[in-house]
Structure formats: structure tokens, C-alpha cells
Amino acid sequence: MAPPSTTLVQDYVALAEIELCGELIIAASAADGERLSSDRIDEVLKVVAVRSPHQG
């Protein structure tokens with residue numbers, strides 16, 4: 001059996017996803033009702049709608 005490695009590997013994408021899930025859980029626990037609206041989810045995840053120049 002190989003000795004345990006002392007090198008720490010961090011997966012920054014996974015850590016960011018875990019943080020976002022935590023933010024959603026916090027928002028859901030504070031929300032009234034059973035579900036978060038799509039708009040509220042976008043707000044929590046800091047999603048910004050991108051409009052093309054042809055959209056009003």
C-alpha cells in the first residue's frame with residue numbers, strides 16, 4: 001500500500017458549486033412557500049440575463 005500523499009489537491013470548480021448550493025439552501029430555508037421562483041434562483045446565483053442588440 002502506498003503511503004498517504006501530503007499534496008493537497010483542490011478542485012476550485014467543485015468548491016464553487018458547493019458554495020452555490022449552500023446559497024440556494026439558505027435562500028430556500030428563508031423563503032415563504034415550497035419553492036423558489038426562477039427569478040429568485042437567478043438572483044441567488046447572480047445570473048444576469050444577456051440580451052442581444054435585437055431584443056428590446
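In this text the structure is predicted, and so the values were computed from the model without any measurement.

The rules we used
- What you see as residue numbers is a count from 1 along each chain, following the sequence as written.
- Selection of residues for local features in this predicted model requires a pLDDT of at least 70, selection of side-chain atom pairs for listing and counting requires 80 or more, and totals for whole chains, interfaces and linings are taken over all residues.
- Processing note: side-chain calculations cover all non-hydrogen atoms of the structure and skip hydrogens and water entirely.
- Numbering goes from the N terminus for both helices and strands, where a helix is a DSSP run of H or I of at least four residues and a strand is a run of E of at least two.
- Each residue is placed in one exposure class: buried if its accessible area under a 1.4 Å probe, protein chains only, is under 20% of its type's maximum, exposed if it is over 50%, and partly exposed if it falls in between.
- The Shrake-Rupley method, run with a 1.4 Å probe sphere, supplies the accessible areas, and residue values consider only the shown protein chains as cover.
- When a carboxyl oxygen of Asp or Glu lies within 4 Å of a side-chain nitrogen of Lys or Arg, that pair is called a salt bridge.
- Patches here: salt-bridge-free residues with over 30% relative accessible area, like charges joined within 9 Å, nonpolar side chains (Val, Leu, Ile, Met, Phe, Trp, Tyr) joined within 5 Å.
- Under the convention used throughout, the expected extent of a helix is 1.5 Å for every residue step, that is, one less than its residue count.
- Any pair of nitrogen or oxygen atoms within 3.5 Å is treated as a polar contact; in protein, a donor-acceptor pairing is required on top of that, and neighbouring residues in sequence qualify only through side-chain atoms on both sides.

(A) Representation of the overall build of the protein chain. A tally of helices and strands in the protein chain yields 2 helices and 0 strands. Split into buried and exposed, the 56 residues of the protein chain put 5% on the buried side. Only carbon and sulfur atoms are counted for the fraction: they give 58% of the accessible area of the protein chain, which is about 5500 Å².

(B) Layout of the pattern of salt bridges. One pass over the structure, following the stated rule, counts 1 salt bridge. Between glutamate 43 and arginine 40 there is a salt bridge; the shortest N-O distance is 3.1 Å. Here glutamate 43 pairs with arginine 40, and both are found in helix α2 (residues 38–44), just 3 residues apart, close to one helical turn. Overall, the relative accessible area of 33% leaves arginine 40 in the partly exposed class.

(C) View of a nonpolar patch on the surface. Together, Tyr12, Leu15 and Ile18 line one region of the surface with nonpolar side chains, adding up to about 360 Å² of accessible area. Positionally, tyrosine 12 belongs in helix α1 (residues 12–30).

(D) Spotlight on α1. With 19 residues, α1 should cover 27 Å at 1.5 Å per step; its first-to-last C-alpha distance of 27 Å lies within 8% of that length. By the N-cap criterion, in which a side-chain oxygen at the helix start approaches the backbone nitrogen of a residue two or three places on, α1 is capped by aspartate 11, the distance to valine 13 being 3.2 Å.

(E) Structural context of unusual backbone geometry. Look at lysine 46: it is not a glycine, yet its phi comes out positive at around 60°. Structurally, the position occupied by lysine 46 is in the segment after α2. On the accessibility criterion, lysine 46 (70% relative accessible area) is exposed.

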